[in-house]
Amino acid sequence: MDKAVATLDKGTTCSSWNYCGQRLATGSTDGTLSIFDSPDPSSSSFTCNLKTKVHAGAILKVVWVPPEFGDAVACICSDGSLLLWEEIVEDAQPLQWKLCKSFESTSTQVLDVQFGVSSTSLKLVAAYSDGHVKVYELLDPLILKNWQLQASCISASISWNPQKGENQGSSFVLGFNSDTPQLNSSKVWEFDEAHNRWLPVAELALPEDRSDEVYAVAWALNIGRPYEVIAVATQKGIAIWHVGANPELDGRLSVEKVALLSGHGGEVWQMEWDMSGTTLATTGSDGMVRLWQSNLNGVWDEQAAFQPTA
Amino acid sequence: MSGENQGGAIVPYSEEAKKPVVYPLRHGLKPPISRLGISWSRGNSLRVTVFRQPSEDSENEVGGKAVEVRLDGRDGEISDAQWRRIAYGSVSPFALLQSRKNSFASLSKISSTTSPFDAEWWEYVLEYSKDISSLLGNQTSTTQSLIEDPKEVLKKDPEPSNLKAAWELMESFYADKLSQAWLPERLVDWLADYDSLFSSTQETVHSKLVDFQKDLVSLQVIEDEPKYWEVMSSALAVGWLDIVVKLLRLHGSYQLDQLGNRETENGLVEAVAVLISKMPRMRPELEAGKLGECFKAKPDFMKAWEKWRAQIAKLECSTFWIQCAHRQTQEGLRNMLQIMLGNTNNLCTLTCHWMELYIAHFLYIRPFTVGLESMYGLAQKCIQLKPMAASHRLMGLLIGILGENIEVVLAECSKGFGPWMVTHAIEVLTAGSHQADTLLHEERDNLGGISMEELHRLVYAQVLSSHPLTWQIAPIYLTSCIKQGMGLLEMLLYKQPVDHNQLLLKNLEICRLYELDSVSSNIMKIAGMYNWKHGKKGSGVYWLQQARDEARLNRIAQQMFDSVGRSISDENFRQWEGLIQLLGSEPKTAGGLEFLHNYRDFKKSLLQIRDGKTTDAARQAVESLISLMKNPCTPQRFWLPLLHDSLKLLNWEERPLLNVLQTNLLLNKLQELSIARLRPDFIEADLPPHALSSVRLALATNLGRTTLEEQ
């Protein structure tokens with residue numbers, strides 16, 4: 001039932017698979033970025049074909065850039081800087097990974113970065129430790145070097161609405177885990193074309209839970225439901241929210257909390273929805289992987305758990 | 001994987017809140033584990049990255065492992081290759097049935113007289129069921145020996161599978177209208193084929209026979225062996241008449257040298273054998289080699305039944321028994337007569353589990369049983385009398401079917417046999433039961449507005465997507481899901497890699513087939529970018545053109561412009577030239593591409609010039625330059641680069657190449673340019689600072705020389 005598909009080097013701390021699951025990027029404590037590939041799509045064994053030192057310090061998180069913009073990875077480093085490396089053939093040189101953009105390393109730490117694709121452009125949302133969120137837009141779809149700062153707002157978990165098609169890239173959910181209570185609750189942000197700015201259109205927290213720190217957020221793909229499903233993890237557990245698709249009179253979206261799952265008892269590290277948006281996989285500080293689903297009556301429950309064993 | 005895994009996919013179905021099962025995730029790393037990462041890959045595959053705590057010990061170089069977990073939880077009974085064969089083989093029958101369903105639906109819209117439940121429809125459903133069933137048998141063929149071994153009572157049939165057994169149950173109860181009239185006998189046949197499946201958890205009549213078969217070879221006087229009589233009686237109890245008669249004929253009294261002394265004994269044995277072979281059966285026909293007399297109509301059967309029972313009773317009371325010398329024969333035969341008379345105690349002792357007892361009831365006690373309600377009641381009674389040692393998924397399924405409980409049937413199919421079974425069995429189920437039809441086609445808010453039928457198909461499609469060799473058949477199931485099928489299909493196609501051409505073309509073919517234009521243009525866009533960035537610029541442009549990605553193509557055209565006026569190597573020029581060709585000369589891109597084509601021609605002729613000699617090439621180049629400078633398509637910002645490029649021509653040693661008119665034209669252009677440079681929005685070309693002065697000087701010199709020549 002389970003088989004190892006890749007072996008990682010010592011000191012690896014983070015990993016990310018690309019959009020089709022064919023390449024794995026990992027970052028380590030000594031600043032090395034490694035890329036794993038498999039020889040053909042039906043094989044499931046991945047070997048490391050590239051190891052390059054991208055930074056003097058440690059890499060905390062790696063995130064793949066959407067494939068419509070080439071093969072590239074964003075690395076969040078321990079000193080707060082954000083680096084973009086891409087695999088490209090330039091001039092007469094052979095195919096190699098190169099640094100294409102380094103976002104100014106300010107005194108604050110980058111906490112999370114996520115990419116959103118729209119029909120016209122690529123946007124990057126970066127959440128910083130001082131509570132700032134910056135949205136960057138790529139100016140030239142062919143070259144990953146030039147980014148323009150589109151917005152800087154206050155609001156470190158980000159999840160874009162994964163919808164493909166005309167509506168893509170126009171909304172994301174953001175939640176903070178900080179000691180400033182007002183910042184924390186997760187909000188859904190939507191881009192207002194008419195005024196060219198980002199606005200919060202929904203808040204995914206009950207009044208009494210607003211100051212809870214958010215560990216992770218995840219937006220499920222909607223393959224035909226009349227509402228959106230978003231999972232928000234706090235210390236109280238994992239909340240499943242239904243968000244209405246159409247705005248009400250005040251411009252905000254209707255929200256309903258349909259479940260509160262027990263979660264992992266401690267911190268939730270990561271949450272991912274499967275391709276149909278019906279099964280939620282989570283990992284947490286209890287060291288387990290848990291799978292959650294709703295049954296035919298709409299009741300959410302834990303379906304299975306995986307315990308890593310040697 | 002340990003045996004607790006029931007072999008069902010993770011499908012939501014209503015049940016009381018149960019404790020989730022915990023599965024071990026083997027990674028083979030030395031503890032401590034610092035962190036876990038998760039990522040969904042194809043379909044139902046979950047990839048878990050396990051990170052070790054970075055520690056100081058240098059002996060262990062492994063920092064972590066990425067592990068792939070498959071969540072379709074198929075049991076080990078069917079191999080991967082076999083499952084793929086079944087999956088691929090089921091596609092045509094399924095698709096055919098759907099298209100027939102659609103044409104029926106459209107017909108019934110036109111005329112209200114046709115209903116989906118008329119005779120033709122049943123034929124289609126049965127045909128579908130038989131097609132699927134034929135996929136499920138095992139491939140191993142039996143080698144028939146030419147000489148029949150009289151001591152081989154049990155044929156070495158190919159190993160039956162649980163899946164086929166389950167399918168046949170569904171077929172008998174829901175699809176096969178003809179067998180509805182004689183369901184009990186149908187179950188007799190079913191048990192004969194599949195009793196061996198229960199042997200893994202407990203003793204069965206089949207396992208008893210198999211064991212006895214082994215001993216048979218070494219036995220001298222078979223009729224002395226108590227096992228002989230027990231096994232025969234058990235086989236008789238479940239209706240395996242041909243085996244019983246075959247065993248009877250092995251009785252010692254048949255041997256030629258014994259016949260003289262044991263006439264009475266033999267007579268009794270033969271009498272019982274004949275009675276058995278003439279047993280009346282409430283069914284239309286029997287397979288070749290099987291024993292019994294068939295009756296279709298109840299009155300005929302009843303008459304024969306009474307007569308047969310009378311004959312048995314008469315034999316029971318005959319005086320010949322006293323004359324029978326062999327005690328075991330006497331007891332054994334009389335036991336068998338008791339079975340045939342329907343003695344409950346005997347039947348209970350000789351059968352091993354409730355299903356066998358159930359069959360025995362149908363054969364000898366209640367052959368007139370008809371209707372699911374009475375069948376269900378009888379089943380409950382038998383379960384109480386002779387429960388099974390361990391629960392078996394086939395039994396759960398049968399109880400659900402008999403109890404007419406559709407939800408239980410679905411749950412058992414799902415839990416015991418997986419998403420393939422549920423998806424394909426639903427077709428049969430909805431045809432055979434109104435209740436199922438309503439339940440499965442009802443749209444539910446809880447599921448986001450889809451029906452259970454659609455839900456199960458979506459789940460199955462996800463299972464298919466989990467493997468690179470079966471994802472291409474998922475679209476066929478997804479297109480039959482009216483609400484959410486397309487959404488999932490789009491996601492599935494989007495997640496396929498583009499770096500292998502064959503896979504990319506296959507993907508695009510599917511998009512074309514299902515008219516998913518936006519998905520296909522997105523995929524082509526990704527392919528274009530992938531190729532462009534990996535140095536295959538031609539392919540990149542091709543795919544971007546197919547995708548009609550104006551934004552990127554415009555940017556590429558802009559990049560082409562940037563090469564104007566720069567000195568580039570022959571190799572790069574060829575590539576540049578090829579790309580211009582590919583981009584075409586659409587006037588859309590601000591007239592620019594036409595200029596690029598002209599520039600290309602000019603550049604080509606420049607490259608052909610050999611130093612010094614005034615050849616046609618040089619003159620050609622001059623002509624090109626002049627026409628370029630005169631052409632309104634040429635953007636002003638390129639004038640200086642063009643002239644700078646042509647310095648070689650302007651400073652021609654041998655003789656001046658431009659005449660007075662031409663030189664004046666260029667000088668005027670330079671003048672225009674100087675004025676334009678004063679404007680605030682003018683973009684300076686990326687040239688060395690003395691470019692302008694060099695050109696001016698060259699032109700002035702040229703003017704001087706030509707004027708002198710023309711004088």
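None of the values given here were measured: they were computed from a predicted structure.

To continue, consider unusual backbone geometry. Residue and element names in this part refer to chain B. Within the chain, Glu 404 stands out as a residue other than glycine whose phi angle is a positive 55°. Residue position: Glu 404 is located in the loop between α15 (393–402) and α16 (406–417). Phi at Arg 548 is positive, roughly 55°, even though this residue is not glycine. Tracing the backbone shows Arg 548 in the loop between α24 (537–546) and α25 (550–562).

Quick look at the pattern of salt bridges now. Going through the model one piece at a time under the given rule, you end up with 31 salt bridges over all chains. Note that Arg 100 of chain B is salt-bridged to Glu 127 of chain B, the shortest N-O span being 3.6 Å. You can see Arg 100 of chain B sitting in helix α1 (residues 80–110) and its partner Glu 127 of chain B sitting in helix α2 (residues 119–136), a full 27 residues away along the chain. Arg 457 of chain B is the salt-bridge partner of Glu 427 of chain B, the closest N and O atoms lying 2.6 Å from each other. You can see Glu 427 of chain B sitting in helix α17 (residues 419–432) and its partner Arg 457 of chain B sitting in helix α19 (residues 452–465), a full 30 residues away along the chain. Neither Glu 427 of chain B nor Arg 457 of chain B differs from the other in exposure class; each is buried. Through salt bridges with shared partners, a single ionic network connects Arg 23, Asp 37, Asp 71 and Glu 87 of chain A.

Moving on, we get to the sheet that holds strand β6 (residues 59–64) of chain A. All names here are of chain A. Strand order in this open sheet of 4 strands is β6-β7-β8-β9, and the pairing throughout is antiparallel. Both edges of this open sheet fall to β6 and β9 (96–103), since each of them pairs with a single strand only. The average undirected angle you get between the axes of adjacent strands in this sheet is 25°. As defined by bridge partners, β6 adjoins strand β7 (residues 72–77) across 5 bridges and the pair is classed as antiparallel. Note on β7: the bridge partner recorded for Trp 64 is Val 73.

All names here are of chain A. Along the polypeptide, Tyr 128 turns up in strand β11 (residues 122–128). For Tyr 128, a relative accessible area of 3% gives the class buried. Between the C-alpha atoms of Tyr 128 and Glu 90, which are 38 residues apart in sequence, the distance is 32 Å.

This part takes up the packing of aromatic side chains. Tallied over the entire structure, the rule returns 25 aromatic pairs over all chains. Measuring from centroid to centroid gives 6.3 Å for Phe 295 of chain B and Phe 301 of chain B, while their planes differ by 65°, and the two rings are edge-to-face. Residue Phe 295 of chain B is classed as buried on the basis of its relative accessible area, which comes to 18%. Ring centres of Tyr 460 of chain B and Tyr 477 of chain B lie 5.0 Å apart, and the angle between their planes is 85°; this geometry places the pair in the edge-to-face category. Taken as a pair, Tyr 460 of chain B in helix α19 and Tyr 477 of chain B in helix α20 (residues 474–478) lie far apart in primary sequence, 17 residues in all. Grouping residues by exposure puts Tyr 460 of chain B and Tyr 477 of chain B together as buried. An aromatic cluster of at least three residues, connected via ring pairs, comprises Phe 295, Phe 301, Trp 305, Trp 308 and Phe 368 of chain B. The side chain of Lys 101 of chain A reaches across the aromatic face of Phe 103 of chain A, ending 5.5 Å from its centre.

Calculation rules
Residues numbered from 1 in each chain as written. Chains lettered and ligands numbered in written order. Predicted model: local features only at pLDDT ≥ 70, side-chain atom pairs only at ≥ 80, totals over all residues. Heavy atoms only, no water. Helix = DSSP H or I, 4+ residues; strand = E, 2+ residues; numbered from the N terminus. Salt bridge = Lys/Arg side-chain N within 4 Å of Asp/Glu carboxyl O. Buried < 20%, exposed > 50% of the residue type's maximum accessible area, 1.4 Å probe, protein only. Pairing = 2+ DSSP bridges. Axes fitted to C-alpha atoms, helices over the stretch in contact; angles between N-to-C directions. Phe/Tyr/Trp six-rings, centres within 6.5 Å; stacked < 30°, edge-to-face > 60°. Lys NZ or Arg CZ within 6 Å of the ring centre and 35° of its normal.

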